[in-house]
Amino acid sequence: MPEIRRLPESLVNRIAAGEVVERPAAALKELVENAIDAGARRIAVQLVDGGLARIEVTDDGCGMNPAEMALSLERHATSKLPDEAIEQVATLGFRGEALPSIASVARFTLESRPQGGEQGWRRVVDHGVLLEDGPAALPPGTRVRVEQLFHKVPARRKFLRTARSEYAACKDVVHRLAMARPDIGFTLDHGERRVLSLQPGEVVATRVAGIIARELADNGVAIELERPTAAGPMRLTGIAGLPTYNRGVADHQYLFVNGRPVKDRLLTGAVRGAYSDMLARDRHAVLALFLTLPPEEVDVNVHPAKTEVRFRDGQAVRGFIVSGLRQALATGDRRSAQSPDVAAMGRWQSEPLAEPAPALRSMFEGRDWSAPSADHLASPRPEWRGMEGETLAAPMGRAQQAEELPPQADEYPLGIARGQVANTYIVAEAADGLVLVDQHAAHERLVLERLRAAGAEDAVKRSQALLLPDVVEMEETACDRLEDAADKLSALGLVIERFGPGAMLVRAVPHALGKSNPAALLRDIDDDLAKHGEALLLGEKLDLVLATMACHGSVRAGRTLSVAEMNALLREMERTPRSGQCNHGRPTWVKLSMDDVEKLFGRH
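Residues numbered from 1 in each chain as written. Predicted model: local features only at pLDDT ≥ 70, side-chain atom pairs only at ≥ 80, totals over all residues. Heavy atoms only, no water.

## A word on the overall build of the protein chain
From N to C terminus, the protein chain includes 19 helices and 25 strands. Buried positions account for 45% of the 604 residues belonging to the protein chain. Restricting the contact set of the protein chain to residue pairs at least 6 apart, pairs at least 24 apart contribute 69%. Element-wise, carbon and sulfur atoms account for 53% of the exposed surface of the protein chain, whose accessible area totals about 32,000 Å². (Helix = DSSP H or I, 4+ residues; strand = E, 2+ residues; numbered from the N terminus. Buried < 20%, exposed > 50% of the residue type's maximum accessible area, 1.4 Å probe, protein only. Contact = heavy atoms within 4.5 Å. Areas by Shrake-Rupley, 256 points an atom, 1.4 Å probe, with all protein chains shown as cover.)

## Here we look at the packing of helix α12 (residues 439-453) against helix α18 (residues 563-575)
It is the contact of α12 with α18, at a shortest axis distance of 10 Å, that shows an interaxial angle of 50°. Between α12 and α18, the angle falls in the class oblique. In the crossing of α12 with α18, the sense of the turn from one axis to the other is left-handed. Between α12 and α18, the contacting residues are Q439, A442, H443, L446 and R450 on the first element and L569, E572 and M573 on the second. Its residues assigned to classes, the contact of α12 with α18 shows 4 nonpolar, 2 polar and 2 charged. (Axes fitted to C-alpha atoms, helices over the stretch in contact; angles between N-to-C directions. Parallel < 35°, antiparallel > 145°, perpendicular 65-115°, else oblique. Left-handed = near helix turned anticlockwise from the far one by under 90°. Nonpolar A, V, L, I, M, F, W, Y, C, P; charged D, E, K, R; others polar.)

## Some details on unusual backbone geometry
Its identity is not glycine, yet Q148 carries a phi of approximately 55°, on the positive side. Residue position: Q148 is located in the loop between β6 (141-147) and α5 (154-157). Residue Q148 is classed as partly exposed on the basis of its relative accessible area, which comes to 35%. Positive phi is not limited to glycine here, since N423 has a value of about 50°. As for its position among the elements, N423 is in the loop between β19 (416-421) and β20 (425-430). The partly exposed category is assigned to N423, whose relative accessible area is 26%.

## Let's talk about the environment of Q148
Sequence spacing of Q148 and D126 is 22 residues, and the spatial spacing of their C-alpha atoms is 9.3 Å. Setting aside its immediate chain neighbours within four residues, Q148 contacts L52, A53, V105, A106, R107 and H127.

## Some thoughts on empty space enclosed by the protein
Per the counting criterion, the structure on display carries 1 cavity of 30 Å³ or more. In this structure, the largest cavity occupies an estimated 40 Å³ of space. Around the largest cavity sit L236, L255, F256, L267, L289, F290, L291 and I321, which together line it. Of all the secondary-structure elements, those providing two or more residues to the lining of the largest cavity are β12 (253-257) and β15 (287-292). Residues of the lining of the largest cavity, tallied by class, amount to 8 nonpolar, no polar and no charged. (1 Å grid on protein atoms, 1.4 Å probe; cavity = no way out; pocket = protein on both sides within 12 Å on 5 of 7 lines; lining within 4 Å. Points joined across faces, edges and corners; volume = space filled by probe spheres on them.)

## Some details on the packing of aromatic side chains
A full pass over the atoms with the stated rule returns 1 aromatic pair. When the ring of F256 is compared with that of F290, the centres are 4.6 Å apart and the planes differ by 5°; the resulting orientation is stacked. Residue F256 is found in strand β12, and its partner F290 is found in strand β15; the two are separated by 34 residues along the sequence. Both residues of the pair, F256 and F290, belong to the buried class. Residue placement shows R571 over the ring face of Y412; its charged tip is 3.9 Å from the ring centre. (Phe/Tyr/Trp six-rings, centres within 6.5 Å; stacked < 30°, edge-to-face > 60°. Lys NZ or Arg CZ within 6 Å of the ring centre and 35° of its normal.)

## Let's talk about the packing of helix α6 (residues 163-180) against helix α7 (residues 204-212)
Orientation of α6 relative to α7, taken along the N-to-C sense of each, is 165°, at an axis distance of 9 Å. The angle between α6 and α7 falls in the class roughly antiparallel. As α6 runs across α7, the sense of the crossing is left-handed. Each of H175, A178 and M179 in α6 lies in contact with α7, whose residues at this interface are R207, V208, I211 and I212. When grouped by side-chain class, the residues that make up the contact of α6 with α7 number 5 nonpolar, 1 polar and 1 charged.

## Some details on the sheet that holds strand β5 (residues 129-136)
If you walk across this open sheet you meet the 8 strands as β5-β4-β3-β6-β2-β1-β7-β8, and the pairing is mixed. Strands with a single pairing partner mark the edges of an open sheet, and in this sheet they are β5 and β8 (193-198). Averaged over all pairs of adjacent strands, the angle between strand axes in this sheet comes to 10°, irrespective of strand direction. (Pairing = 2+ DSSP bridges.)

## Details of α12
With 15 residues, α12 extends 21 Å from end C-alpha to end C-alpha; this agrees with the ideal 21 Å at 1.5 Å per step. By the N-cap criterion, in which a side-chain oxygen at the helix start approaches the backbone nitrogen of a residue two or three places on, α12 is capped by D438, the distance to H440 being 3.2 Å. (Expected span 1.5 Å × (residues − 1). Polar contact = N/O pair within 3.5 Å; in protein donor to acceptor, adjacent residues only side chain to side chain.)

## Points about the sheet that holds strand β10 (residues 234-241)
Within the open sheet, the 5 strands sit side by side as β9-β10-β15-β12-β13. Their pairing is mixed. Looking along the sheet, the strands with just one partner apiece sit at the ends: β9 (220-227) and β13 (260-262). Sheet twist, expressed as the mean angle between neighbouring strand axes with direction ignored, is 20°. In terms of strand pairing, β10 meets β15 through 6 bridges, oriented antiparallel.

## Structural notes on the side chain of T588
Assignment of secondary structure puts T588 in the loop between α18 and β25 (589-593). The class of T588 is buried, set by a relative accessible area of 1%. Within the structure, the side chain of T588 is placed 2.6 Å from the backbone oxygen of S579, a separation counted as a polar contact. In this view, T588 contacts L436, V437, D438, A441, A442, M573, S579, G580, Q581 and C582; residues no more than four positions away in its chain are not counted.

## Here we look at the pattern of salt bridges
The final tally for this structure, using the stated rule, is 25 salt bridges. In this structure, E202 engages R207 in a salt bridge whose closest nitrogen and oxygen atoms are separated by 2.5 Å. Here the residues in one salt-bridge network are E111, R122, E132 and R143, joined through shared partners. (Salt bridge = Lys/Arg side-chain N within 4 Å of Asp/Glu carboxyl O.)

## Examining the pairing of strand β23 (residues 495-498)
As paired elements, β23 and strand β24 (residues 503-510) share 4 bridges and run antiparallel to each other. Note that in β24 the partner of V495 across the bridge is A508. Connecting the antiparallel pair β23 and β24 is a turn made up of 4 residues, with G500 showing a positive phi of about 90°.

## Things to note about the environment of L196
Along the chain, L196 turns up in strand β8. On the accessibility criterion, L196 (10% relative accessible area) is buried. Separated by 15 residues in the primary sequence, L196 and I211 have C-alpha atoms spaced 8.8 Å apart.

## Some remarks on the pairing of β10
Burial analysis of β10 places 7 of its 8 residues in the buried class, the great majority of the element. In this sheet, β10 lies alongside β9 in antiparallel orientation, the contact comprising 8 bridges. Looking at the pairing, G220 lines up with G241 of β10.

## Section: the environment of A564
Mapped onto the secondary structure, A564 falls in helix α18. Remark: the alpha-carbon pair of A564 and I416, spanning 148 residues in sequence, is separated by 9.9 Å.

Here it is as C-alpha cells:
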C-alpha cells in the first residue's frame, strides 16, 4: 500500500511553480504586480530572448530590509493581508507563492533598499539553493532578476514556445497592467531596443489609446457610469470603440475588475451582448473596460494566477455592463469610423507633372497662327473617330446645381446632398468636409430601427406552439444550464421544460424560427451558455431575422434618388440611433475633411 508522506519544501515549491509560473509571461506578471503593490511610481522591465534568458523588473517602491527579503522567499509569506479578511483584499497579489515558486525553477536575484535606508541588500537563489546574501549598492526600491528559467527542469522547458511567442505574451502582460494603472510610468526594453515608454499620470483614455491603437481615440466613446447597490456603488469607466471600428479577433478587448486584468466569460459575454445587433458574428469590438465594485461583491481567489474572478451577483454585473456600453454608444452611435483609410487615400490619382517633350518646349515656334478654315473644323480627324463614344460618354453620376449652403447647415452633421455616384453613393457637402453615404447600408439601419420602434421585435419573438412537443436528449449538466435559463428563453419565444434527468421538452419556438430544428437549436444555445454564461445565440438569431426584413425593405444599391430623397435620408440618419453603422458593423458613411481634400490637391 502506498505510504502517505509530507513532501519536501523544494518539491512543494516546484509543484506551486507549475501552477503560477508556467511561462516567462506568468513570472513577469507576478513581479510587476509586486512592484505595483509596493507603491511604485515608475517600473522598468527588461527582457532578453522574450524572457527565456532574462527578466528584470526595477521599481522605486517602498523596498525591503534584509529580514523581509528572506521572509518574502518563504511560501505563504506576504505583507498584503494584514488580517484574515481575504474577501477585503485590495492588492493585486496576496498568496505569497510567487517569489519562492520562481526561485525554485530559475536563478533568482533579489535586490532591495527601503525608502530612507542607508544601504541595499542582495539575495541570490539558484533553483532553490541560496548562493549569496549580502549588501548591495542600489537606489531606494527593488530590482528582481530572473535568469535561466526552467534550466534545471528540462521537462518543463521543452514546453516553452519560441522567443518571439514568449515575448508577445510578456508584452501583452505589460500592456494590460499599464492600462490598469495610468498613474504609474512604464518602460519595456527587449534586448537593446526600447519597446514601450509611458509617462506617469496619464488620463485613462490617453493611456489606453496609446497602447491599443492611436486611432481608437477618434473612433471610440468614453464610458462613465455609476449604479448604487446595497454594498456600495458599482462604477464602469473606460473607452469603447465604435461598432465600425472592429477586429477579426477578440484579443483587443481589455477587461479590468477593481484594477485587476481579468479574462472572464461573463464580462466577455456582456460585451458581445451589448454589440450584438451592431456587429457581425465574426467581428469583435475594441475596448478597455474598468469595473469597480465593493471587494466583498467579487471573489478574486478562484485561480492560482488570479486571472479569473467570480461575482456574487453576476446577472446584475452583466446587466450593468450591457446597459453602460449601450448608453455610451448611444452618444456616438451616429458617428462612424470615419477617418479615411490610408491605403484608400493613396489610391487617389493625380496628374503627373512630367517634363514636356523637347518638341513641345517652345509651343510658339513653328506654329501657323493664321485663322483656320471652316472646312478644317467640319469633321474630326480620322484617328479620333473610334474614340468618340469613350471620350464623350456621360459620367456615372448626377450632381445638384451648386448653391450656397443654407444658414442652418451647421445643424446638419451629414451635410446637404449634392449628387449621387453610381446610383449607390450619396455625395453631400458638410460645413467641415465632404460626406459619402452608402444609401443601401444607411437605409437598412433606418428600417431596422423603425421595425423595432413599431414592435416588430416582439412579433418576431412571438411563440409558435409545436403540435407535438419535441423531446431533446442531452447531458444532465446541459439540461441544468438550460433549465436555469428557461425564463429568459421564454421571453424570447422559446418555451422549454425539464423532462427527466437527461432530456428537455420543447413546447414552443419563436415564430420567426418555426422551421428550425429544436434539437440543434437547444444544443447551440447550450454551447453558448457554457461559453458565455448567457444565452446570446437565440437573441442573435432573432436579430438576424429582423436584419433580413430590414435588408429587403430598404433602398437598394442602383436606385436613382432625387435630391429631396437624398436630403430626407440624411436628416433621418442624423435623428436615428446607431445610424453610423449598418447591421453588420460596416460604416454607413465616411467623411473626407477639407484638410484631406486640400492634401489631395497639394494645397498643404
